[in-house]
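Chains, contacts and geometry: an overview
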Amino acid sequence: MSGLLEHFVINFWGVRGSIASPGTGTVRYGGNTPCVEMLVGGKRLIFDGGTGIRVLGQSLLSQMPVEGHLFFTHSHWDHIQGFPFFTPAFIKGNHFSIYGAIAPDGSTIEQRLTDQMKHPNFPVPLQVMGADLKFIDVEIGVPIQIGDVCVENAPLNHPGQAIGYRVNWLGYSAAYVTDTEHFLDRLDEHVLKLADQADVLIYDATYSDEEYYSETASKIGWGHSTWQEAVKIARAAGVKTLVIFHHDPLHDDEYLDQIGMQVSQAFPGGLMAREGLSIQVYTPPLTSRLMQEAKVSVPPTAWQTSMSKCKACE
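Cut-off values and rules
Residues numbered from 1 in each chain as written. Predicted model: local features only at pLDDT ≥ 70, side-chain atom pairs only at ≥ 80, totals over all residues. Heavy atoms only, no water. Buried < 20%, exposed > 50% of the residue type's maximum accessible area, 1.4 Å probe, protein only. Helix = DSSP H or I, 4+ residues; strand = E, 2+ residues; numbered from the N terminus. Arc of directions from axis to C-beta. Contact = heavy atoms within 4.5 Å. Phe/Tyr/Trp six-rings, centres within 6.5 Å; stacked < 30°, edge-to-face > 60°. Lys NZ or Arg CZ within 6 Å of the ring centre and 35° of its normal.

1. Notes on helix H1 (residues 52-60)
Taken together, the buried positions of H1 are Gly52, Ile53, Leu56, Gly57 and Leu60. Projected onto a plane normal to the axis of H1, the buried residues spread over an arc of 140 degrees and lie on a single side. The inward-facing, buried residues of H1 abut strand E1 (8-14), strand E2 (35-40), strand E3 (43-47) and strand E4 (67-71).

Here it is, written out as structure tokens:
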């Protein structure tokens, strides 16, 4: 991580919602459920532990020992099912701080991850994990400071409760907002706060408006939003880059290609999340120039954001 002390990079390891969807129709965007890694000022932040975290874990085996901060939005199956297969968590010498809000039934994230790995659900208990695991209960609305990185959170509109996160570092910011359902009569004030002037907004757009409002198969009340609502939020919040995330398992590569074209037309800074996507939120100008000479894509405004501090963490 020493080479990334002055970088803010987002890597996508799982972008699918509800259930892992491998197959010939999901090759380009990927079929793994949610896992997003942010490398920020020398810190490794991981958001959600869907099946994508298994792939992330394999990539980290060459970087031992590993230290990271794992944030869960909630504990629906598609967001925790990869955690028992996160190999670095079984290796002594690694260190992970694991964050999650207390669920409506009073259970902590530690209890829920432990229960997932108990018999008869899983053959290996969480206690077998050899890494140093520190579990931290997230308080809604209370920011978490990790060195120079400030992580804010806010409640989302989702059955059984979920929270969204905003990562702030030296004036740069990225919001991770999944799983959430928009309101029919207004924009969600919590989502707007998380997305406010963000360099990157990763937003749950499982459906299109046509699917969501379908007279025969409405998705109202299912806890997810649409790409059209994502565009509304991005515009209202002054977001620079919008990333459509949490793809429906029924949406194949061709369908997502079509949605991607519509998103980019509606919001010039919009793109579709896919496994392997890496977004350079901030790269030092010299490094950026070298990357551009090597024909590596870097957002042209990546280092032009103001360097104001996160007020929530002051």
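Past the structure itself, the notes keep going.
2. Quick look at the environment of glycine 25
Here glycine 25 is to be found in the loop between E1 and E2. Here the alpha-carbon distance between glycine 25 and tyrosine 255, two residues 230 residues apart in the chain, equals 9.7 Å. If we ignore the near neighbours within four places in the chain, the residues touching glycine 25 are Asp252 and Asp253.

3. A word on the packing of aromatic side chains
Going through the model one piece at a time under the given rule, you end up with 15 aromatic pairs. Both rings, one in phenylalanine 12 and one in phenylalanine 245, keep their centres 6.4 Å apart while their planes meet at 55 degrees; by these two values the pair is tilted. Note that phenylalanine 12 is positioned in strand E1 and phenylalanine 245 in strand E12 (residues 241-245), a separation of 233 residues in sequence. Of the two residues examined, phenylalanine 12 and phenylalanine 245, each falls in the buried class. Between tyrosine 176 and phenylalanine 245, the ring centres sit 5.6 Å apart and the planes meet at 65 degrees, which makes this aromatic pair edge-to-face. Of this pair, tyrosine 176 sits in strand E10 (residues 172-177) while phenylalanine 245 sits in strand E12, and the two are 69 residues apart along the sequence. Across the pair, phenylalanine 245 and tyrosine 176 agree in class, each one buried. Members of the aromatic cluster, each reached through a chain of ring pairs, are Phe12, Phe47, Phe71, Tyr99, Tyr165, Tyr176 and Phe245. Over the ring of phenylalanine 183 we find arginine 186, and its NZ or CZ is 4.1 Å from the ring centre. For lysine 219, the ring lying beneath its charged end belongs to tryptophan 222, and the centroid distance is 5.1 Å.

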